[in-house]
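Residue-level listing of the chains:
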Amino acid sequence: MKHTRPLTLLATAGALLALTACGSATADTGANPDAPAFCADGPIKFGIEPFEDPAKLEPAYGVLADALERELGCEVEVQVVEDYSAEVLAMRNGKLDLGQFGPVGFVFASQQAGAEPLVSFGTADGKLSSYTAGIWVPKDSQIKTVQDLRGKDLALGGVGSTSGDVLPRYALKTAGVPESELNLNYAGGHPEALLALTNGTVDAAQINSQAMATAIEEGTFNPQDYRQVWKSDPIPNDPITIRPDADPQLKSAVKQALVNLPADDIAEVGKFLDVTPPGPLLEVSKETYQPLFDLAQKMGLTEEDA
């Protein structure tokens, strides 16, 4: 399994073609005569959204990718992308074979790149896992409801994030609070939004249940010092998808390999998705994420919002 540098969003498709994998040595993209026919021309490229620090994600996904390699007999390259839109663009331009997208990110990936969902993360009792978005304030804050955010600073995660952007803005919309009546600040990611709150540089911040679980485990967030003023309905966890024009044999083999992975091979990734203890990966379909397609329509999201 090869780790690569973050995949940067580039201005043109031509520039995207120049991407190279970076690790301890130049990526070997030559054919492997011992690999199955569906991956004999080079490694399977697996893109991961930047929902956490890449330095933390890469080793966790390294375990998952190594297990996938063993199941498939194919080399797997992990690429933690720079932002959500970069991953969609990379799959659309054939630079990713597999991609894990956030739920709203999958909406864009489906519409713009034809991404096909394969599996998502299951719990130990065999159910599809979920998480929640939330808005948090210091426990002594005068902010009690979403309506009280008027005139305040609210830290969001990144543009196009389900829990770090779209759902908090939907909470404002449904509460009748125009975005123009408060200061929305994109912190650059879930950990950064949480840090803005704990450092006292904003009045409120979006913190989803996944980022909070990680921060509590690391000792960087004590929920007793803060208060949640809004919480979303459960959100189905991220799907792992495949590009639409992939070899049909590869699609079948990858799905079968993923659902057969032991829970231990998923556990490190599961920690970042608040799936502890994890179960096996479970098959999902586009219908699993229909509420997110509906949300995107309600919010009037376009390609520019990815």
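Residues numbered from 1 in each chain as written. Predicted model: local features only at pLDDT ≥ 70, side-chain atom pairs only at ≥ 80, totals over all residues. Heavy atoms only, no water.

Participant: Even after reading the chapter, I still don't get the pattern of salt bridges, so can you show me in this structure?
Facilitator: Once their charged atoms are close, side chains differing in charge can pair, the charge on each being opposite to the other. For the structure shown, the criterion picks out eleven salt bridges. Across the pair Glu52 and Lys56 runs a salt bridge, and its minimum N-O distance is 4.0 Å. Salt bridges sharing partners connect three or more residues here, namely Glu52, Lys56 and Glu218. (Salt bridge = Lys/Arg side-chain N within 4 Å of Asp/Glu carboxyl O.)

Participant: Explain the packing of helix H2 (residues 54–72) against helix H8 (residues 248–259) here, please?
Facilitator: The description of two helices packed together rests on the angle between their axes and the distance between the axes. At a minimum axis separation of 9 Å, H2 and H8 run at an interaxial angle of 120°. The pairing of H2 with H8 is recorded here as oblique in orientation. Crossing handedness for the pair H2 and H8: right-handed. For the pair formed by H2 and H8, the contact residues are Leu68, Glu71 and Leu72 on the first element and Ala253, Val254, Ala257 and Leu258 on the second. For the contact of H2 with H8, a count of residues per class yields six nonpolar, no polar and one charged. (Axes fitted to C-alpha atoms, helices over the stretch in contact; angles between N-to-C directions. Helix = DSSP H or I, 4+ residues; strand = E, 2+ residues; numbered from the N terminus. Parallel < 35°, antiparallel > 145°, perpendicular 65-115°, else oblique. Left-handed = near helix turned anticlockwise from the far one by under 90°. Contact = heavy atoms within 4.5 Å. Nonpolar A, V, L, I, M, F, W, Y, C, P; charged D, E, K, R; others polar.)

Participant: Sorry if this is basic, but what is going on with helix H10 (residues 290–298) here?
Facilitator: Side chains of residues three or four places apart in an α-helix project in the same direction, reflecting 3.6 residues per turn. Along H10, the residues classified as buried are Leu292, Phe293, Leu295 and Ala296. Buried residues of H10, viewed axially, fall in a sector of 160°; they line one side. Residues Gln297 and Lys298 are exposed on H10 and point more than 90 degrees away from its buried face. Buried positions along H10 lie against helix H4 (103–113), helix H5 (162–174) and strand E12 (235–236). Remark: Gly300 follows H10 within two positions and exhibits a positive phi of approximately 65°. (Buried < 20%, exposed > 50% of the residue type's maximum accessible area, 1.4 Å probe, protein only. Arc of directions from axis to C-beta.)

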